[in-house]
Amino acid sequence: MNYYNDNSRFNLTIVGHLLMVNIIMWLATIVLQRTTGFYLSDVLAMSYWRSSDFHIFQPITYMFMHDTSSFTHIFCNMFALFMFGRGFEQIWGAKKFLFFYLIAGLGAALVQQITWEISYQSINSIVTMGLNGGDISPYLGKLSRATGIDCSHIVPQQLGALRLAWVNALGTVGASGCIFGLLLAFGWMFPEQSIFLMFIPIPIPARWFVAGYAVIELMAGVGSFRFDNVAHFAHLGGMLFAFFLLMYWKKRGALYNQRIN
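Residues numbered from 1 in each chain as written. Predicted model: local features only at pLDDT ≥ 70, side-chain atom pairs only at ≥ 80, totals over all residues. Heavy atoms only, no water.

Draft legend 1. Structural context of the overall build of the protein. For the protein, the count of helices and strands is ten helices and four strands. Taken from the N to the C terminus, the helices and strands of the protein come in the order α-α-β-α-α-α-α-α-β-α-β-β-α-α. A total of 261 residues make up the protein; the buried ones form 44% of that total. Total accessible area on the protein is roughly 14100 Å²; 66% of this is exposed by carbon and sulfur atoms. (Helix = DSSP H or I, 4+ residues; strand = E, 2+ residues; numbered from the N terminus. Buried < 20%, exposed > 50% of the residue type's maximum accessible area, 1.4 Å probe, protein only. Areas by Shrake-Rupley, 256 points an atom, 1.4 Å probe, with all protein chains shown as cover.)

Draft legend 2. Looking closely at the packing of helix α1 (residues 13-36) against helix α4 (residues 72-92). For the pair α1 and α4, the least separation of the axes is 8 Å and the interaxial angle reads 165°. Between α1 and α4, the interaxial angle falls into the category roughly antiparallel. In terms of crossing hand, the pair formed by α1 and α4 is right-handed. On α4, the residues that touch Thr13, Ile14, Val15, Leu18, Leu19, Asn22, Ile23 and Trp26 of α1 are Ile74, Met78, Leu81, Phe82, Gly85, Arg86 and Glu89. Classifying every residue of the contact of α1 with α4 gives ten nonpolar, three polar and two charged. (Axes fitted to C-alpha atoms, helices over the stretch in contact; angles between N-to-C directions. Parallel < 35°, antiparallel > 145°, perpendicular 65-115°, else oblique. Left-handed = near helix turned anticlockwise from the far one by under 90°. Contact = heavy atoms within 4.5 Å. Nonpolar A, V, L, I, M, F, W, Y, C, P; charged D, E, K, R; others polar.)

Draft legend 3. Inspection of the pattern of salt bridges at higher detail. According to the stated counting rule, one finds one salt bridge in the structure shown. Here glutamate 117 makes a salt bridge to arginine 50, at a shortest N to O gap of 2.9 Å. Pair noted here: glutamate 117 is in helix α5 (residues 94-131) and arginine 50 is in the loop between β1 (46-47) and α3 (58-61), with a separation of 67 residues, a long-range link. When its relative accessible area of 34% is taken as the criterion, arginine 50 is described as partly exposed. (Salt bridge = Lys/Arg side-chain N within 4 Å of Asp/Glu carboxyl O.)

Draft legend 4. Layout of the confidence of the model for the protein. For the protein, per-residue confidence averages 85 on the pLDDT scale, and residues scoring 70 or more make up 81% of the total. Across residues 1-11 the pLDDT falls below 50, and counting only partners more than four positions away or on other chains, this stretch makes 22 contacts in the model. (pLDDT = per-residue confidence, 0-100.)

Draft legend 5. Fine view of the side chain of threonine 147. Examined against the element boundaries, threonine 147 turns out to sit in helix α6 (residues 140-147). There is a polar contact of 3.2 Å between the side chain of threonine 147 and the backbone nitrogen of isoleucine 149. Those residues in contact with threonine 147 that lie beyond four places of it in its chain are Ile123, Leu162 and Trp166. (Polar contact = N/O pair within 3.5 Å; in protein donor to acceptor, adjacent residues only side chain to side chain.)

Rendered as structure tokens:
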């Protein structure tokens with residue numbers, strides 16, 4: 001990519017360390033699971049705050065964990081971090097880049113928690129109605145879609161266990177929120193820079209690529225595509241908090257320098 005000075009040397013300090021930590025954690029998760037049966041993501045992935053598995057440190061640690069069932073998840077995130085992160089580290093410096101990266105990840109975590117809470121309130125209202133003797137038969141389809149569990153033959157006595165199982169099953173991992181924050185920053189700061197995709201043979205201006213990606217994520221999230229196993233609203237959360245931070249830096253005249261405040 002040539003949107004930076006090709007003659008300058010990239011400072012890989014933070015990007016390199018982030019790559020290393022993510023890869024080490026991914027490998028450690030696999031090794032520990034196969035050798036001891038301990039699944040590291042059970043502790044370090046981000047659980048829903050109402051879950052007994054939730055810990056206060058998880059909104060940070062989840063950013064460094066990835067799905068171990070496939071290489072694609074970590075490869076795509078780390079490739080994007082390498083491609084976009086090193087340039088922003090050169091512009092902003094190590095501290096400011098890391099600050100931006102973490103804010104995007106924390107924003108993604110917050111939005112994902114809010115998304116889960118909205119779903120919980122919807123499920124809880126049906127469960128409470130059923131436990132209080134109300135007729136929930138018209139709502140069983142909605143309950144099935146919300147929980148991903150076939151509730152067509154559920155009896156009231158099972159509703160409490162269903163709610164608890166759903167709460168404890170929620171979790172997310174990955175640096176995608178941070179990466180989507182970087183994508184937003186790229187589209188903002190270099191809107192006319194061309195992006196080439198393998199399956200689209202024409203260059204796409206960065207601003208349109210980022211805007212299109214955001215729309216796709218929004219549609220996927222609203223559509224509740226529960227079988228794709230992707231935290232779409234977390235991605236949008238990373239973009240949203242990146243947007244707020246970039247707006248603040250622009251107002252302070254710190255968008256293209258190493259000042260944080």
